[in-house]
Amino acid sequence: MKIDLSDRARGWLMGGGGVLVILLSLYISQLRVDVASQAVLAYSMVGVVILLRFFESRVIRNNGSIEVQRLLRILILITAFFVSMRYFAWRQQETITYYDLLSFVCMLILFMAEIYGIIISFLGSFVNIQGRKREHIPLPDDPDKIPSVDIFIPSYNEPQEMLEITLLAALQVRYPADKLNVCLLDDGGTVGRRNSEDPERASSSQERYDTLKAMCERIGATYLTREKNNHAKAGNINAALEKTNGEHILILDADHVPTRDILERMVGIMINDPKMFLVQSPHFFINPDPVEKNLQTYGKMPGENEMFYGVIQEGLDFWDSSFFCGSAALIRRKYLLEVGGISGDSITEDAETAFLLHAKGYRSAYVNRPMIAGLQPETYSGFVVQRMRWAQGMVQIFMLKNPLFFKGLKPWQRLCYTSSSGFWFFPFARATFLVAPSAYLFFGLKIYDANMTEFFSYALPHLMGALIVTDFLFGRYRWALVSELYELMQSLYSLPAILEVIKSPRSPEFAVTPKGEFMDENFITSLAGPFYWLLAFNLASLTAGFIRLQVIPQDSDVILITMFWEAFNLSLMVCAIGALYELKQRRQEPRVNADIAARVIVNGKSVPATIVDMSSGGLGVRIKGSVFQKLNMNLTGQELVVRAYSAAMEAEVNLPGSVIATVHKPDDSVVIGIKVDLHELDHKRQLVALVYGDSELWVKERAARMPTCTVRETLWFLFSSGARSSAAHFRQLWIDTMAAMRRKLRGA
């Protein structure tokens, strides 16, 4: 009898062997030993972790046994867990000391923040003990066995140009035409908005309704709207469920342009398992988020979302806990209707809906192949709006549903959902770690009772183990300290938002993430104020630390440890300050790299060329210098045609356009910027298919963004980028301050 490997691994981990080893580790971690013995034990265990990592990588390179790989992964995680448990046993037994009430309270707050961190780390290790990589299941040959699919594209305030691109791509998805229905769900043109008492709103809503309805009729999509804007996106989708009847529903955000093979790679999985309610795929973005843009790290290091979509979702899928992320997901209609449609108790309606369906015993799947091209918020303020919604919604799920006790979930699903929702309490821990060093250096509160020898024997091995495990689990998908930077960037604004949820779990309202913003100049975000205060506080605390070293030399151990901690916080703060200096948006339409053979046709002459980048509005085409001279293309506005083979369409495309720029390269080639003529609908279809239709392009682009670097190289890159951007931030701040002073003086 053949045993499914995932079931075997799951049984081993959840069974007696794994539990026994963990309990034994917990017991041994509580034993008290002298500091020298602890140092030998801790560093020996760190060495074991490194050795096990070496063996595990050798097994992978040599295509060794899956069972051996999983055993080594478990041993690595348990050994690192043991080192951390030794640290926390020591923290509890030796460092929680009463000096005065205020110090003791702050000491407990710090200890609880560390406990939270180890719990989330343990849950994360559990989730990622093994990722599930699903194989492609093709559609059946019998057309009668292919189910019907409705593609829902919810919209609220997105521009027509963005919606048209997404709709044209959805209409070109490879699927039987009689089984496919593409619907625009417009919440910006509802009856309620068109009849608003506000004349301006009523007029703009009516105009939007007329424009989008006409566009849908012209391109062949179905336009749907509703009476009122109840329950935001969830209500919009649920209203559309009543007007459509596809067996499955593919949900896409308005700015998530699908590839042509998206249904081919999803529907087969759904057909293969009658209990499957969801097939989720990654959200792949073709523009930088504000942190990447402002630090100029986009394309040079993994994106912030890659850890979740590249690793964590595969781990969740292994435990049958991969959840709905709001877009790029196929859902079985009949199961969705069993829970009343998309849930609306929280503002993260996607994860909540998956939670309820998992509790009913249905299954989900994750296909780790990028098959949509989306847009991220361009500004820090937009980023904050998005992340506050995520934080509030996941905390709502934690408080209103409580995964640990919710009826119907399997034990491993309880842990997975607790990990996913509990993670979003991180602003409490991050805020604590930010201010804790200052509590001692600035105010003299005794919150961490340890000397240098104890720190190097207990704390440092724990930190080393945690860093190794993070690199082991996420590797190329997440560089060292990037998570800490993003958590810092979110915490100052997410913390009050989470407190609001704790106070009133049903109070948050859905906020639409701004997309497609355009900035024509550099500026400092209006949300930078709190970061200035924290930076000043960090610097003041470090200064106080130097003074303490002179005044209280007998406490130098504690002072130096705390100053090192504060210096780490200061380094992250410098990066954050750099990310708050908003760089102008150079292009309104994001361009993606390409390497597509083409021909350029000018005045009857056809010459070889290569498409090197492209967007929804134009192409960048490279031509050899000698060939370019023969074409005599010296003037902007030169009309031409670009002919190329579209892998997505499996046919040639012919795109007319005009030259808007020419750039001569050092290799004696010329890159021509071409604005494509999109007056003809067929040209738009062809360009959309060429740019967005081939998922293999996104696979290559994703891989190119994850270079292999050492930890030292990644840290240098991150902090040097932060320092440069921070210097630019303060130069702009000086210019703005001087300009404001001059205006004030002129006014006086």
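As shown above, the structure is provided for reference.
Residues numbered from 1 in each chain as written. Predicted model: local features only at pLDDT ≥ 70, side-chain atom pairs only at ≥ 80, totals over all residues. Heavy atoms only, no water.

K.L.:
If you had to explain the side chain of R387 to someone new, which residues and values would you point to?
P.N.:
Its place among the elements puts R387 in helix α15 (residues 380–400). We classify R387 as buried; its relative accessible area is 4%. Setting aside chain neighbours within four positions, we find R387 in contact with E304, W424, Q490 and S494. (Helix = DSSP H or I, 4+ residues; strand = E, 2+ residues; numbered from the N terminus. Buried < 20%, exposed > 50% of the residue type's maximum accessible area, 1.4 Å probe, protein only. Contact = heavy atoms within 4.5 Å.)

K.L.:
A description of unusual backbone geometry should follow, citing residues and the corresponding values.
P.N.:
The backbone of D320 sits at a positive phi, close to 55°, despite the residue not being glycine. Tracing the sequence through the fold places D320 in the loop between α12 (306–318) and β7 (329–332). On the basis of relative accessible area, D320 is assigned to the buried category, the value being 10%. With a phi angle near 70°, L481 is a residue other than glycine that sits in the positive phi range. Inspection of the secondary structure assignment puts L481 in the loop between α18 (452–474) and α19 (482–503).

K.L.:
Lay out a negative patch on the surface with the relevant residues and their values.
P.N.:
Residues E639, D677, E680 and D682 make up a contiguous surface patch of negative charge. Residue position: E680 is located in the loop between β17 (669–676) and α23 (681–692). (Patch = residues over 30% accessible without salt bridge, like charges linked within 9 Å, V, L, I, M, F, W, Y side chains within 5 Å. Areas by Shrake-Rupley, 256 points an atom, 1.4 Å probe, with all protein chains shown as cover. Salt bridge = Lys/Arg side-chain N within 4 Å of Asp/Glu carboxyl O. Lys, Arg positive; Asp, Glu negative; His and termini not counted. Charge placed at Lys NZ, Arg CZ, Asp CG, Glu CD.)

K.L.:
An account of the environment of T259 is needed here, citing residue identities and associated values.
P.N.:
Mapped onto the elements, T259 comes out in the loop between β5 (257–258) and α10 (267–272). Given the relative accessible area of 0%, T259 is considered buried. On a C-alpha basis, the gap between T259 and S695 in space is 5.7 Å, while along the polypeptide they are 436 residues apart. Contacts of T259, omitting those with residues within four sequence positions, involve V173, M371, Y692, G693, D694, S695 and W698.

K.L.:
Help me get a handle on the packing of helix α4 (residues 66–94) against α18, residues and values and all.
P.N.:
When two helices pack together, their arrangement is given by the angle between the helix axes and by the axis-to-axis distance. Running from amino to carboxyl end, α4 crosses α18 at an angle of 150°, the nearest separation of the two axes being 9 Å. Relative to α18, the element α4 lies roughly antiparallel. As α4 runs across α18, the sense of the crossing is left-handed. For the pair formed by α4 and α18, the contact residues are R73, I76, L77, A80, V83, S84, R86, Y87, F88 and W90 on the first element and E454, Y458, A459, P461, H462, G465, V469, F472 and L473 on the second. Its residues assigned to classes, the contact of α4 with α18 comprises 13 nonpolar, three polar and three charged. (Axes fitted to C-alpha atoms, helices over the stretch in contact; angles between N-to-C directions. Parallel < 35°, antiparallel > 145°, perpendicular 65-115°, else oblique. Left-handed = near helix turned anticlockwise from the far one by under 90°. Nonpolar A, V, L, I, M, F, W, Y, C, P; charged D, E, K, R; others polar.)

K.L.:
Just give me the short version of the sheet that holds strand β14 (residues 618–624), but keep the residues and values in it.
P.N.:
Read around the closed barrel, six strands run β12-β13-β14-β17-β16-β15, paired in antiparallel fashion. Ignoring strand direction, the axes of neighbouring strands in this sheet form an average angle of 45°. Across the sheet, α23 touches β12 (592–602), β13 (605–614), β14, β15 (639–646), β16 (651–664) and β17, and the angle it forms with β16 is around 80°. (Pairing = 2+ DSSP bridges.)

K.L.:
Tell me about the packing of helix α5 (residues 101–127) against helix α17 (residues 426–441), and please be specific about residues and values.
P.N.:
For the pair α5 and α17, the least separation of the axes is 9 Å and the interaxial angle reads 135°. Here α5 is positioned oblique relative to α17, judged by the angle of their axes. For the pair α5 and α17, the crossing hand works out as left-handed. For the pair formed by α5 and α17, the contact residues are I109, L110, A113, E114 and Y116 on the first element and F426, A429, T432, F433 and A436 on the second. Tallied by class, the residues present in the contact of α5 with α17 amount to eight nonpolar, one polar and one charged.

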